[in-house]
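Notes for the structure review
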Amino acid sequence: MADMRFKDKFFACLSLGDRTYRTETSDNTQRPVWDSEKKVIVETNGPHIARISVFETNRFSKSTLVGYCEVDLFEMLTKDLDEHSEDLPLLDPSSPNTTVGSITISCYIEDPVETEQSFARRVLAIVDYNEDGTLSLSEFSDLMKAFGNKLAVAKIEELFRQADTNGDGIVDINELAALLADQQEKEPLISNCPVCGEDLGKYDKINDMIHMTLCFDEGTGNQIMTGGFLTDKQASYGWMFKLSEWAHFSTYDVGLHSGSAASHILVFDRRTKRIVEEVIDGKIVLSMRALYQSKVGLTLINTGVKDILKNLSEKQGKKMNSPDSAKDIPKFLELFKDQINMDEVKDPIESFKTFNEFFIRGLKPGARPIAYDDQDGIATCAADSRLMAFSSVDESTRLWIKGRKFSIEGLLGTSAHSNALSNGSLVIFRLAPQDYHRFHVPVSGTVEKFVEIPGCLYTVNPIAVNSKYCNVFTENKRVVSIISTSEFGKVAFVAIGATMVGSITFLKNEGDYVQKGDEFGYFSFGGSTVICVFEKDAIQFDADLVANSERSLETLVSVGMTLGVSKRNSGPQVPELQKCSLE
C-alpha cells in the first residue's frame, strides 16, 4: 500500500539481486493498494538490499518512475518484532532529499523445512487421484516417472517402503512429504522443475526446493507479483529477458549481449547486489554500431574518422571550458537525476563557472572511504566506474575485448612495458559521463615514470570495445604510469582518453610516494577508462568481480572498494565472506 501526493494509476517493482518483480497496475487513486506478495531467497552472503520503485502510468506517461526506497532485509528481519512491517518514505529520483509519498511493506521469514514439506505435499497431491490424503505405491510411482531421473526411479519403491511403516501399502501424504523433502536434500529425486522445466542442481538443494515452490505459486496465482525481469526499467515496460523466470542467469553472456548491441547496458551494482541499467540515447547507439561494428565503419575509420573524432573532442573541450557552458549543468543533472548525488560534492553547484569545472568536481572528505587503508596488501578500486577483472589477456579477449591486436605490450607501449607485466592480470575501470571523474591510486608505492602515448579518441563504450574492427585500448591516446610496490611488484596504471576526452591530468609526479586511495588525477569532459595491469600471480581479484566478469557483466564500483589481495602477502587480508555468519 502507498500514499502518494497525487492521483493516478500506479504499479510497484521489487528488485533484489538480479531479479525484479512487478505488481499489477492499481486503479486511478492517490492510495494504491496492491496487496502483492513475493517469496524471495535472502542468503547470508547474498543480496539483501531490496529496492522498491513506484511508477505512474496513464495515457500521457506510460511508465514514469516517481518514487523509490531501499530497505535492508537483514536489518528489518532481525528486529525483535512479531510482524516486520514498516512505513517507508518514497524518495524523488531527481532529488533524494525530497519525498513524494510513502509505502507500507511487511515481510516475514518462512521456515525452510516447512517450505520444503509444503512443496512436497502440493506435488504429491497431484497424483492423489481419489483425494483421500493418502498415496499408493502406483500413485507415487506415476509422479516420480513424470519428472524424476533414472536414479529416482530406482529408489521409488525403497523410499515408499520407508514411509509405509505399518506395511499396508498406503502412506499418509504428510509422512511421505517429510521423507521426500529430506531425500531431496540428500540426493535429488526431482531433476527438472515440474512447472518451468528448468534443470535443477544448479543451486544448493534448499534453493531448488524454493525455486519449485515459487514456480508453483506463480502458476497457481498465489504470487501476484510477476517475475522474469532483470531491472525495474525492464519491468516497467514489460520486457521479458527469457520466457522462464527461473532461467539460470549466468549461462548467458548478459553483459556482452546487452552491452555491445543494446541501448540499455546491464551492470551489476556491487553495493546493492542488483542489476541496473545504463541508458544510452538510441540515435547514439545506432551511430556507434554503424561506425564500430561494421566493415563499412572500418573503412570510414581508416579514411578520416580518426581525425574527425579528434577534432570533435578538441572543439567540445573548448566549449566545455567556456563560461557559457555553465548553463548546461542543470540539464546534465536532470538527465542523470538518479545517478549523481550532489550532497557528496565538495563545492556548491553555483561555484562552478564552466561545465568542465563541474565535470571534474571533487567530493567531500570521507565521501569515498578507502577499505583497509592500513593494509597495503589489499588493493582498492581506482574510480567510480564499471569494472571488469581478468587474470590474463587471454581471458579478457575471450570474454570482453574483441579487438584483434590487443596485448599488454601494445597497451603500455615499449617505453613502459616490461617482461614482468607481459602475462599479467588486468582490471578495466570504465567511467561514464555521469560519474565522478577523478581517479585514485589503487595501491601504495612509488611512481617510477609517466609515459604519454598519442593516439585516437574512439569511444570506450562496450559497443566499440566489443568490436573486432578497431582496437580501442591500444590505439587511443593514453598516459601510462608505473607504480613500484612492495606488495604487488610493479603495477601499470593506464589512463585512456576517449571521444570528448582530450585531456588527462595527473596530480602526482615521478618519484612521488603514493598511498592507496590518494587522488591521482582526472579526466576532462566525457567518459573514459583506466586500466591497471598487475604482474602475473601478484593479485587475487575479489571473487564477485571475477564471477561477474566471467559472464561478461560489468560491476558498478566506487573509489575505495576492495579490488583484491596480494598473493605475495602473508599478513592480514580481507576476511572471506563465505566463512562469516550473521550474528
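Worth saying up front: this structure is predicted, and the values here are computed from it rather than measured.

Before going further, it helps to examine the overall build of the protein chain. Scanning the protein chain from N- to C-terminus turns up 17 helices and 26 strands. Contacts in the protein chain between residues at least 24 apart in sequence constitute 69% of all its contacts with a sequence separation of at least 6. If you sum the accessible surface of the protein chain, you get close to 26,300 Å²; carbon and sulfur atoms cover 50% of it.

With that out of the way, let us pick up the packing of aromatic side chains. Tallied over the full model, the rule gives 19 aromatic pairs. Taking the centre distance of 5.2 Å and the plane angle of 80 degrees together, the rings of phenylalanine 332 and phenylalanine 355 count as edge-to-face. Remark: phenylalanine 355 occurs in helix α12 (residues 355–359) and phenylalanine 332 occurs in helix α11 (residues 328–335); sequence separation between them is 23 residues. Of the residues examined, phenylalanine 332 reaches a relative accessible area of 10% and is grouped as buried. Here phenylalanine 355 falls in the buried class, since its relative accessible area comes to 2%. Between arginine 51 and the ring centre of tyrosine 68, over which it is positioned, the NZ or CZ distance is 4.2 Å. The cationic tip of arginine 361 hangs over the ring face of phenylalanine 358; the distance from NZ or CZ to the ring centre is 4.5 Å.

Moving on, we get to the pairing of strand β17 (residues 445–453). Note that β17 and strand β21 (residues 513–514) share 2 bridges and pair antiparallel. Paired with glycine 445 across the two strands is valine 514, which belongs to β21.

Here the focus is the confidence of the model for the protein chain. The predicted coordinates ought not to be read in detail in places where the model reports low pLDDT. Here the protein chain averages 78 in pLDDT, and 71% of its residues register 70 or above. Counted against residues more than four places away or in other chains, residues 281–293, with its pLDDT under 50, gives 35 contacts.

Mapped onto this structure's residue numbering, the UniProt feature "active site" (unreviewed entry) falls at Asp384, His440 and Ser528. Spanning 145 residues, the named residues nonetheless gather at one spot, since no C-alpha pair among them exceeds 14.2 Å. Looking at the element boundaries, aspartate 384 is found in the loop between β13 (378–380) and β14 (385–390). Judged by its relative accessible area of 7%, aspartate 384 is buried. Excluding its chain neighbours within four sequence positions, the residues that come into contact with aspartate 384 are Arg368, Leu431, Asp435, Tyr436, Val557, Ser558 and Val559. Polar contacts involving the side chain of aspartate 384 include one to the side chain of arginine 368, which spans 2.7 Å.

Turning to its location among the elements, aspartate 27 is positioned in the loop between β3 (19–22) and β4 (49–57). Residues aspartate 27 and aspartate 8, spaced 19 residues apart in sequence, show a C-alpha to C-alpha distance of 7.6 Å. Setting aside residues up to four positions removed in sequence, aspartate 27 forms contacts with Asp8 and Lys9.

So, about unusual backbone geometry. In the Ramachandran plot, lysine 273 falls in the positive-phi region, its phi being about 55 degrees despite a non-glycine side chain. As for its position among the elements, lysine 273 is in the loop between β11 (264–269) and β12 (274–279). For tyrosine 372, which is not glycine, the phi dihedral falls at a positive 50 degrees. Note on placement: tyrosine 372 falls in the loop between α12 and β13. With relative accessibility at 31%, the residue tyrosine 372 sits in the partly exposed group.

Rules used in this analysis
Residues numbered from 1 in each chain as written. Predicted model: local features only at pLDDT ≥ 70, side-chain atom pairs only at ≥ 80, totals over all residues. Heavy atoms only, no water. Helix = DSSP H or I, 4+ residues; strand = E, 2+ residues; numbered from the N terminus. Contact = heavy atoms within 4.5 Å. Areas by Shrake-Rupley, 256 points an atom, 1.4 Å probe, with all protein chains shown as cover. Phe/Tyr/Trp six-rings, centres within 6.5 Å; stacked < 30°, edge-to-face > 60°. Buried < 20%, exposed > 50% of the residue type's maximum accessible area, 1.4 Å probe, protein only. Lys NZ or Arg CZ within 6 Å of the ring centre and 35° of its normal. Pairing = 2+ DSSP bridges. pLDDT = per-residue confidence, 0-100. UniProt positions renumbered as here; feature names shortened; annotations may be inferred. Polar contact = N/O pair within 3.5 Å; in protein donor to acceptor, adjacent residues only side chain to side chain.

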